[in-house]
Structure formats: structure tokens, C-alpha cells
Amino acid sequence: MSEHAAVTRIVAIRHGETAWNVDTRIQGQLDVPLNAKGRWQAQRLAAALADEGISAIYSSDLQRAWQTAQPLAEATGHAPRPERGLRERAFGVFEGLTWAEIERDHPEASERWRKRDPDFGPEGGERLADFYARCVECVTLLARRHPGEVLALVAHGGVLDCLYRAAARVALGAPRTWQLGNASINRLLHTPQGLMMVGWADTGHLDGAVHDEFSDALGAGSSSRSRS
């Protein structure tokens, strides 16, 4: 197989908006559905990607991602395939809490989370380093399964954060300076050398109706209450 044939184009998508995104409430692996705006975003996303040449769709099996994948499946004719490796990070005791509640009830754990300690995992949840390894391994395996094709991966803010870091060679503990908007389109390549960045945070299909927060993603650094 030539090097060109081994390249896989990846369209990585964050799920549409949920009520918990708006409330800055940690979803983790709790199964929260899309809200009305999220369902609208999913329809706009599907229209934007209908002619992208997508040959396979993989989605986290959590319903906010699965519901986002359904209109895309209708637009492309490819049924989504559930993939647990694309699930959001398990946040254990943090799940269901707002940022403020975490800071109040778990101050020491909250500080390690916000500082992006790779060895930290909330009680009952995943260590950041383990989550990163899980995400990159999953996407690498899927890309290798579809050489020369275009894959759509519907996942979560934390998963996309890991993919950005892998493709841009950004340290796991570095503060985030890039967007992870709901229903955003993010383009990557997978080559024999690994992931490469093509384009990030395309939300033109949403007419500005996009939300970017940390309730579904990873804790950030000192400016986590804004966009760090």
C-alpha cells in the first residue's frame, strides 16, 4: 500500500448542545440527551457534511453523541457504528456536579483537575493520562481500519481535546487555547506517522449558535472559568 493510500481523513465532531452544557454541569459518562438547540445543530451539521465523501461513521454510544450522529447517517446513507472508546472521560464523583459544586465539595481534587494533572482522576473516574491514551488508541485503530477513506467520528469535548493535542503535539498538561464548540467540525489526517491537523473548530454551519464550555471536557488551567 502506498503512503498516500494509507492516509485516512478524519472529520471529528463534538455532539450538539445539552442542557448540562449550558449549566456547566459535568456529564462525563452519564447519558444526557441533546436539548432542542442541540438537535437543531445536529441537523445543520448533517447538511454541512452531506457531500464530504464520508464512508463510515463511528459514534460514542452515549445518547448525546448518538443523537448527533443520526441526521448525519440519514444524509450520507451510512449507519453509525457504536464505539465505546469514543466516550467522554469518566469523571466519577464529579459527574452531575457544576464547576462551583466541585470546587466547594472537592477542593483538593478540583485544584488537581483544573491544573490538568495527568496522574489525577476523580474518585471512581479515569486518570487524565489513561483517558488520553484510550482516545488516541481508539482513533488510531479506526483510522487504520479505513485507509484511504473519510471517517466521521462523533464524540465529546474531552475526546476532541485529546485529538487536538495528539495532532498538534501539545503537552497533556498545557492549558487549552483552542475551541471545542458543540457540533463543531474538526478535520484531521491519520498517516503512518500519526495524527496531523488540517482544520479546527469550523462552526460556520451554525450561524454563530455554538456553545463552548468545560462541563463535558477536561479541567483546564488557571483560566478554566473562561476559555483557557
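Above: the structure in question.
Residues numbered from 1 in each chain as written. Predicted model: local features only at pLDDT ≥ 70, side-chain atom pairs only at ≥ 80, totals over all residues. Heavy atoms only, no water.

**Student:** Any chance you could break down the packing of aromatic side chains for me, citing the residues and the numbers?
**Tutor:** Using the criterion set out here, one finds five aromatic pairs in the structure. A centroid spacing of 5.5 Å and a plane angle of 65° characterise the contact between Phe94 and Trp113, whose relative ring orientation is edge-to-face. Residue Phe94 is found in the loop between β3 (81-82) and α4 (99-105), and its partner Trp113 is found in helix α5 (residues 107-114); the two are separated by 19 residues along the sequence. With relative accessibility at 0%, the residue Phe94 sits in the buried group. When the centroid spacing of 4.1 Å and the interplanar angle of 10° are considered together, the rings of Tyr164 and Trp178 count as stacked. Linking Tyr164 in helix α7 (residues 157-168) with Trp178 in the loop between α7 and β5 (185-191), this pair joins segments that are 14 residues apart in sequence. (Phe/Tyr/Trp six-rings, centres within 6.5 Å; stacked < 30°, edge-to-face > 60°. Helix = DSSP H or I, 4+ residues; strand = E, 2+ residues; numbered from the N terminus. Buried < 20%, exposed > 50% of the residue type's maximum accessible area, 1.4 Å probe, protein only.)

**Student:** Hey, could you go over the sheet that holds strand β2 (residues 56-59) for me, with residue numbers and the actual values?
**Tutor:** Ordered by their spatial adjacency, six strands build an open sheet running β3-β2-β4-β1-β5-β6, and the pairing between neighbours is mixed. Each edge of the open sheet is held by one strand with a lone partner, namely β3 and β6 (194-202). Bridge count for β2 against strand β4 (residues 150-155) is four bridges, and the pairing is parallel. The residue of β4 that forms the bridge with Tyr58 is Leu153. With respect to the sheet, helix α2 (residues 36-49) is in contact with β1 (8-14) and β5, its orientation differing from that of β5 by roughly 50°. Most of the contacts of helix α3 (residues 63-76) go to β2, to which it runs at about 170°, and overall it touches β1, β2, β3 and β4. (Pairing = 2+ DSSP bridges. Contact = heavy atoms within 4.5 Å. Axes fitted to C-alpha atoms, helices over the stretch in contact; angles between N-to-C directions.)

**Student:** Can you lay out helix α6 (residues 128-145) for me, pointing to particular residues and giving the numbers?
**Tutor:** Helix length check: α6 (18 residues) gives 26 Å between terminal C-alpha atoms against 26 Å at 1.5 Å per residue, within 8%. For α6, the set of buried residues is Leu128, Phe131, Arg134, Cys135, Val136, Cys138, Val139, Thr140, Leu142 and Ala143. Where α6 is buried, its residues meet β1, β2, β4, α7, β5 and β6. (Expected span 1.5 Å × (residues − 1).)

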